[in-house]
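Architecture and fold: a report
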Amino acid sequence: TTTTNENGNYEFTSIDIGEYYLIFEIPAGYFVSLQDQADSDALDSDTNAEGRTDVITLQAGKINSSVDMGLHQKGSTVGDRVWYDENSNGIQDEGELGVNGVSVVLKDLADTTVDSTVTNASGEYHFTNVNVGTYSIEFSNLPADYIFSHQDQGGDDTKDSDANSDGRTSIFTLESGKDNATVDMGLYQQRVSFGN
């Protein structure tokens, strides 16, 4: 056993040839980064979520200095609100009500579903304990005759509608321990005109 130094480095010396694995103790409040994400083994994190590596084969006279583990703080929250955009201006105005029962899907950069939920009676939704990474959100199951408000209207990201006409937000990145509580979507009733 050993302990990392002030730079996070550690070393085992004079190890016999053979097969081994390492188990890292994870500090409280931290989570292990995703395993084997880089093309270079010298740069990626090599343990699973419990801090254990795959089996490592040591050969005579060889040095393996690529067994690393990345840590980050987890617990980011993503979300906010879906609302009835009564004046269809793409901005949450005072008194505009939330939309209940809209389906909300959190997707990663590979377009894989990470989590899903539905809005509550106030139109609010949240994804909690979201890992660091790059994501988008997809909204669906709208009330009948309603469509998505115009995206990114006004200068206040906490009040605008963030989904495009297909109900998908732009890609955003979550940093370690930082929340994003500004992902909103407005809906307005589609108006049909008849005339001659």
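For the structure, check the block above.
Computed from a prediction, not measured in an experiment: that's the story for all the values here. (Residues numbered from 1 in each chain as written. Predicted model: local features only at pLDDT ≥ 70, side-chain atom pairs only at ≥ 80, totals over all residues. Heavy atoms only, no water.)

1. Some words on the overall build of the protein chain
Secondary structure summary: the protein chain contains zero helices and twelve strands in total. Across the protein chain, helices and strands are ordered from the amino to the carboxyl terminus as β-β-β-β-β-β-β-β-β-β-β-β. Seen along its three principal axes, the alpha-carbon backbone of the protein chain occupies a region of about 90 × 30 × 25 Å. Residues classed as buried in the protein chain amount to 30% of the 196 residues present. Taking the intrachain contacts of the protein chain between residues at least 6 apart in sequence as the baseline, contacts between residues at least 24 apart amount to 64%. (Helix = DSSP H or I, 4+ residues; strand = E, 2+ residues; numbered from the N terminus. Buried < 20%, exposed > 50% of the residue type's maximum accessible area, 1.4 Å probe, protein only. Contact = heavy atoms within 4.5 Å.)

2. Quick look at the side chain of S45
Looking at the secondary structure, you find S45 in the loop between β2 (31–32) and β3 (56–58). Separated by 2.9 Å, the side chain of S45 and the backbone nitrogen of G70 make a polar contact. When near neighbours in sequence (up to four residues on either side) are disregarded, S45 contacts V32, S33, L34, Q35, D36, D68, M69 and G70. (Polar contact = N/O pair within 3.5 Å; in protein donor to acceptor, adjacent residues only side chain to side chain.)

3. Observations concerning the packing of aromatic side chains
Inspection of the entire model under this criterion finds six aromatic pairs. With 5.9 Å between their ring centres and 65 degrees between their planes, Y125 and F127 make a pair best called edge-to-face. Note on accessibility: Y125 and F127 belong to one class, buried. Joined through ring pairs, the aromatic side chains of Y10, F12 and F24 make up one cluster. For R52, the ring lying beneath its charged end belongs to Y21, and the centroid distance is 3.6 Å. (Phe/Tyr/Trp six-rings, centres within 6.5 Å; stacked < 30°, edge-to-face > 60°. Lys NZ or Arg CZ within 6 Å of the ring centre and 35° of its normal.)

4. A closer look at the sheet that holds strand β12 (residues 185–189)
Think of a sheet as strands paired side by side through backbone hydrogen bonds, with each pair either parallel or antiparallel. Spatial ordering of the open sheet is given by β8-β5-β12-β10, a layout of four strands whose pairing is mixed. Every interior strand has two partners, whereas the edge strands, β8 (124–130) and β10 (146–148), have only one. Taking each pair of neighbouring strands and ignoring which way they run, the sheet shows an average axis angle of 20 degrees. Pairing of strand β5 (residues 76–84) with β8 involves five bridges; the strand directions are antiparallel. Paired with R81 across the strands is E124, a residue of β8. (Pairing = 2+ DSSP bridges. Axes fitted to C-alpha atoms, helices over the stretch in contact; angles between N-to-C directions.)

5. Overview of the side chain of D162
Structurally, D162 is set in the loop between β10 and β11 (172–174). Not counting residues up to four positions away in its chain, the partners in contact with D162 are Q151, D152, D157, R168, T169, S170, T182, V183, D184 and M185.

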